[in-house]
Amino acid sequence: MSTAPPTSPAPGPAPAEGQPSDEDPRTAAPAPKSRSPWAPLRPLVLRLHFYAGVFVAPFLLVAAVTGFLYAGAFQAEKLVYAHEMTVPAGDTKLPVSQQVDAARKAHPEGTVSAVRPSPEDDASTRVMLSGVEGVGAGHTLAVFVDPYTAEVRGSLEQYGSTGALPLRTWIDEFHRDLHLGENGRLYSELAASWLWVIAGGGLVLWFSRRRALRKVRATQGRRRTLGLHGTVGVWAAAGFIFLSATGLTWSTYAGANIDVLRTSLGQATPSVSAATGGGEHAGHDAASGAGGDGEHGVGLDAVLAAARAEGLGDPVEIVPPADASTAYVVKQVQRSWPEKQDAVAVDPATGKVTDVLRFDDHPLLAKLTRWGIDLHTGVLFGLANQLALMLLAASLVLLIVWGYRMWWQRGRGSSFGRPIPRGAWAQVPPYVLVPLMATVAVLGWFVPLLGIPLVGFLAVDVVLGEIAHRRGRRTAA
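## A short note on the side chain of threonine 169
Relative to the helices and strands, threonine 169 resides in helix H4 (residues 166-177). If we skip the residues at most four places from it in the chain, threonine 169 touches His139, Tyr159 and Ala164.

## Some details on a nonpolar patch on the surface
Residues Leu261, Leu265, Leu364, Leu365 and Leu368 make up a contiguous nonpolar surface patch of roughly 440 Å² in combined accessible area. Sort the elements by how many residues they give to the nonpolar patch and helix H9 (residues 364-377) lands first, with 3 residues. Its place among the elements puts leucine 261 in helix H7 (residues 253-264).

## Notes on the confidence of the model for the chain
Scored by pLDDT, the chain comes out at a mean of 86, with 83% of its residues at no less than 70. Long-range and interchain partners of residues 1-34, a stretch whose pLDDT sits below 50, account for 95 contacts in this model, where long-range means more than four residues apart. Between residues 278-292, whose pLDDT stays under 50, and residues either more than four places distant or in other chains, the model counts 41 contacts.

## A few points about the pattern of salt bridges
Counted by the stated rule, this structure contains 10 salt bridges. One salt bridge connects glutamate 151 with arginine 153, and the closest N-O pair in it is separated by 3.9 Å. Linking arginine 176 and aspartate 172 is a salt bridge whose minimum nitrogen-to-oxygen distance equals 3.1 Å. Linking arginine 176 with aspartate 172, this pair stays in helix H4, spanning 4 residues, or about one helical turn. Put simply, Glu310, Asp342 and Arg358 are held in one network by salt bridges that share partners.

## Some thoughts on the packing of aromatic side chains
Enumeration according to the criterion identifies 13 aromatic pairs in this entry. On the basis of an interplanar angle of 40° and a centroid distance of 6.2 Å, the ring pair of tryptophan 337 and phenylalanine 381 is categorised as tilted. Linking tryptophan 337 in the loop between strand S6 (328-332) and strand S7 (343-346) with phenylalanine 381 in the loop between H9 and helix H10 (382-410), this pair joins segments that are 44 residues apart in sequence. The class of phenylalanine 381 is partly exposed, set by a relative accessible area of 45%. Judged by centre distance (6.4 Å) and plane angle (50°), the rings of tryptophan 445 and phenylalanine 446 are tilted. Since its relative accessible area comes to 22%, phenylalanine 446 is described here as partly exposed. Taken together, the ring pairs in this structure connect Phe50, Tyr51, Phe55, Trp194, Tyr404, Trp407 and Phe457 into an aromatic cluster.

## Here's the deal with the side chain of lysine 367
Here lysine 367 is to be found in helix H9. Comment: no salt bridge for buried lysine 367; closest opposite-charge side chain is aspartate 360, at 4.6 Å. Those residues in contact with lysine 367 that lie beyond four places of it in its chain are Phe359, Asp360 and His362.

Rules and cut-offs
- Residues numbered from 1 in each chain as written.
- Predicted model: local features only at pLDDT ≥ 70, side-chain atom pairs only at ≥ 80, totals over all residues.
- Heavy atoms only, no water.
- Helix = DSSP H or I, 4+ residues; strand = E, 2+ residues; numbered from the N terminus.
- Contact = heavy atoms within 4.5 Å.
- Patch = residues over 30% accessible without salt bridge, like charges linked within 9 Å, V, L, I, M, F, W, Y side chains within 5 Å.
- Areas by Shrake-Rupley, 256 points an atom, 1.4 Å probe, with all protein chains shown as cover.
- Salt bridge = Lys/Arg side-chain N within 4 Å of Asp/Glu carboxyl O.
- pLDDT = per-residue confidence, 0-100.
- Phe/Tyr/Trp six-rings, centres within 6.5 Å; stacked < 30°, edge-to-face > 60°.
- Buried < 20%, exposed > 50% of the residue type's maximum accessible area, 1.4 Å probe, protein only.
- Lys, Arg positive; Asp, Glu negative; His and termini not counted.

As structure tokens, this is what we get:
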């Protein structure tokens, strides 16, 4: 949320020879006696806010800009790929099997991994092919078919459960890993790991200021920048904390720890059993397996009819059996509110439903994770959700710019200002400091890209302080 301290005084003339500098612990004057043991924590929060803002803000800036673009990509996708995604509404849709046959005649390569029948009167059917040469790993080739005429309207590479097409996929990967693969994901995890810390610290600093110092009107210079920075930050803080928490749920390291925690609490996301004759919500969803050519046993039309009889309305995705011992899986794929996430397994030999999994039966944390991710990615509430994300991203960019500007203004417009004075931790009572350090240690272990940089900040801070201290002693001698 912030990159510079709200209450740091502008620097005066350089300290005279023999006097301590800003990095010297001796500059931290003893705090006046206070009724609250938490009062000495404010300088600590201020220093952490400063360091995190200065060094993490560049990563947050990239995440904010790419997140802004991603939120806008949903509507852009509808315009760019309108020919493939939409069709003139007709009277009667053809059987799904006939539409898949048309897609296979146009694209005999690869195998059918999933089919998404036309969910609306003016929407095309998507037939997803895996194992197609030239299509990236983890991606499929989506063939778009007119459900009324079986005309193939085109094909595009597709990624993810939301059916992202090339434009949105490119922006999504840029936001997630800068197109650098798994190593690139560290940048986004670092940003998510620190965003809630910076936002929470900013709230503490803002509300601990006297009300008269929070105003923006009739102020100028650094006071005005601070007022704008703080006011926008306070209004946007809840959104930043939400984005941070939900972003961590599918990050590399913190995300793995969250998955382990959810599993240990019995809150993992269940999946319908694709084993023929099975009935337990266990094992892997057949969606993760390699599909066949679409038609197995009773065929797609009978499978879809069986799913409809179980109450699965559009939009749905049909996943063919991965092998001879697995069933069709039909699952609802609506991520907008109200979400439709029910799933059934259908025996290809008999056309009977062998397992049913209702979203209502998912554990609470599994539901919250699903809703959180969909809200984070802008699909839960559609256009309104996407506009809110764009506003949050724009706010974060402004806060970063204002934060660096405040730091510059601390140097009176000629250079960046000095760091925040050190030594505040010594004023914190042990019965507050020890539990706080234990909590920070646990958080640092659970969220490694919070803990590792924090240790780095502390190491740099100690080294700079020791250097300043020794220089001060030599000067005094």
